[in-house]
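Okay, here's what each chain looks like letter by letter:
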Amino acid sequence: MKHLFKVAVIVLLTFSMGCTEDKTTNPFKSGDILFRGRMDGSLSEAIDAVTQTGKAHHYTHMGVVELCNDTVWVYHAAPVKGVTKELLADFCLSTEDSLVVGHFRIKDSYQAMIDRALETARQHVGQPYNYSYILEDEGFYCSEYVYELFVQDSIFKLNPMTFIDPQSGEFHEGWIKHYKELGIDIPEGEPGCNPNGMAANERLKFLGQVK
C-alpha cells in the first residue's frame, strides 16, 4: 500500500508541474517572437524583396515561443507543414550559413496577453498553410498566424499588402509565378501583414540573435 501511495504522489506531482519556465537560466520566455530570415527558396526571396522596412530587417518567417520545462518550442505556420509546433533547433534548422533568427519580446505592459495567445496557438495547430495570403482564405501564413494570436489585444496591425518590387516598380517575378500557379489575381492592396513590418513594431523589443 505504501508503495502504491508513493507512486500515486509522484504521478500527481508530475502532472501538476505541467509546462513551467526556468526563469533563471533560459534566455527565452513563453510569448517571445522569433523572426527568421535569409532562407533558401524563391517564395522567401519574393517576400523579402517587397517587404523591406528600411530598418535592416530581412525576415521572411516568424513564430511564437512556448517554454516548457526548459525546452523551447516554437509555434509557426510554414509551407507544406502548415501550423505546427517544433523544437527551437528545428525552427532554426538550415543548410545555409547566412540564416538569421532574431529574438524579440513583447514589452512588459503587454505580457498579460501571452497566456491567451498561446492557448489560441495550440488550437490552430494542424491548420493548413495559406498560400494565397488572403486573410479570408483557409489556413494561415506565418505572420497572419502570429497576428491572429494577438488580434484581441491589437498588438499588431494590418496594412495594405504590396507585391511590387520597389527596384523595378513592377510586380516581383516570384509573385507573378506564384499567383499564376494558384490561378488567381495578385491581391495587391488587400489587408495583410509581413514579418519585416511586424519586427518593426514599437511594442516589441529586440533581445539579440539566436546563436
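The structure under discussion appears in the preceding block.
Here's a quick rundown of the structure. It should be emphasised that the depicted structure is a prediction, and the values quoted were computed from it without experimental measurement.

## Details of the packing of helix α4 (residues 114-124) against helix α5 (residues 142-149)
Part 1 of the argument: Running from N to C, α4 and α5 cross one another at 135°; their axes reach a closest spacing of 8 Å. With respect to α5, the axis of α4 lies oblique. Where α4 approaches α5, its residues Ala117, Thr120, Ala121 and His124 are matched on the opposing element by Tyr145, Glu148 and Leu149.
Part 2 of the argument: Looking at side-chain class alone, the contact of α4 with α5 contains four nonpolar, two polar and one charged residues.

## Some words on a nonpolar patch on the surface
Part 1 of the argument: A surface patch of nonpolar side chains, about 360 Å² in accessible area, is lined by Val80, Tyr131, Leu182 and Ile184.
Part 2 of the argument: Locating Tyr131 in the fold gives a position in the loop between α4 and α5.
Part 3 of the argument: Owing to a relative accessible area of 30%, Tyr131 belongs among the partly exposed residues under this scheme.

## Observations concerning the pairing of strand β1 (residues 33-37)
Part 1 of the argument: The element β1 is extensively covered by neighbouring structure, given that five of its five residues are classed as buried.
Part 2 of the argument: Side chains Ile33, Phe35 and Gly37 of β1 all project onto a buried face; the interleaved residues Leu34 and Arg36 project onto the opposite face, where all are buried too.
Part 3 of the argument: Examined bridge by bridge, β1 and strand β2 (residues 59-68) share five bridges and lie antiparallel to one another. Considered in β2, the bridge of Phe35 is made with Met62.
Part 4 of the argument: Sheet analysis places β1 next to strand β5 (residues 100-106), joined by five bridges and oriented antiparallel. Counterpart to Leu34 in the pairing with β5 is His103.

## What to know about the packing of aromatic side chains
Each aromatic ring pair is characterised by the separation of its centres together with the angle its planes make.
Part 1 of the argument: Following the criterion strictly, the structure yields 13 aromatic pairs and no others.
Part 2 of the argument: Each ring, one from Phe104 and one from Phe206, has its centre 5.1 Å from the other, and the planes form 55°; the classification is tilted. Of this pair, Phe104 sits in strand β5 while Phe206 sits in strand β10 (residues 204-209), placing them 102 residues apart in sequence.
Part 3 of the argument: Ring geometry for Tyr133 against Tyr141: centres 4.9 Å apart, planes inclined by 55°, an arrangement best described as tilted. Tyr141 matches Tyr133 in its accessibility class, with the two residues each being buried.

## Thoughts on the pattern of salt bridges
Think of it this way: side chains of opposite charge can pair up when their charged atoms draw near.
Part 1 of the argument: In total, this model carries seven salt bridges according to the counting rule given.
Part 2 of the argument: A salt bridge links Arg105 to Asp32, with the nearest nitrogen and oxygen atoms 2.7 Å apart. Of this pair, Arg105 sits in strand β5 while Asp32 sits in the loop between α1 (2-17) and β1, placing them 73 residues apart in sequence.
Part 3 of the argument: By relative accessible area, Asp32 is classed as buried at 0%.
Part 4 of the argument: Ionic pairing is found between Arg116 and Asp153, a salt bridge with its closest N-O pair at 2.4 Å. Residue Arg116 is located in helix α4, and its partner Asp153 is located in the loop between α5 and β6 (159-160); the two are separated by 37 residues in the primary sequence.
Part 5 of the argument: Owing to a relative accessible area of 40%, Arg116 belongs among the partly exposed residues under this scheme.
Part 6 of the argument: Beyond isolated ion pairs, a larger network of salt bridges with shared partners links Glu66, Lys85, Glu119 and Arg122.

Cut-offs applied
Residues numbered from 1 in each chain as written. Predicted model: local features only at pLDDT ≥ 70, side-chain atom pairs only at ≥ 80, totals over all residues. Heavy atoms only, no water. Axes fitted to C-alpha atoms, helices over the stretch in contact; angles between N-to-C directions. Helix = DSSP H or I, 4+ residues; strand = E, 2+ residues; numbered from the N terminus. Parallel < 35°, antiparallel > 145°, perpendicular 65-115°, else oblique. Contact = heavy atoms within 4.5 Å. Nonpolar A, V, L, I, M, F, W, Y, C, P; charged D, E, K, R; others polar. Patch = residues over 30% accessible without salt bridge, like charges linked within 9 Å, V, L, I, M, F, W, Y side chains within 5 Å. Areas by Shrake-Rupley, 256 points an atom, 1.4 Å probe, with all protein chains shown as cover. Salt bridge = Lys/Arg side-chain N within 4 Å of Asp/Glu carboxyl O. Buried < 20%, exposed > 50% of the residue type's maximum accessible area, 1.4 Å probe, protein only. Pairing = 2+ DSSP bridges. Phe/Tyr/Trp six-rings, centres within 6.5 Å; stacked < 30°, edge-to-face > 60°.

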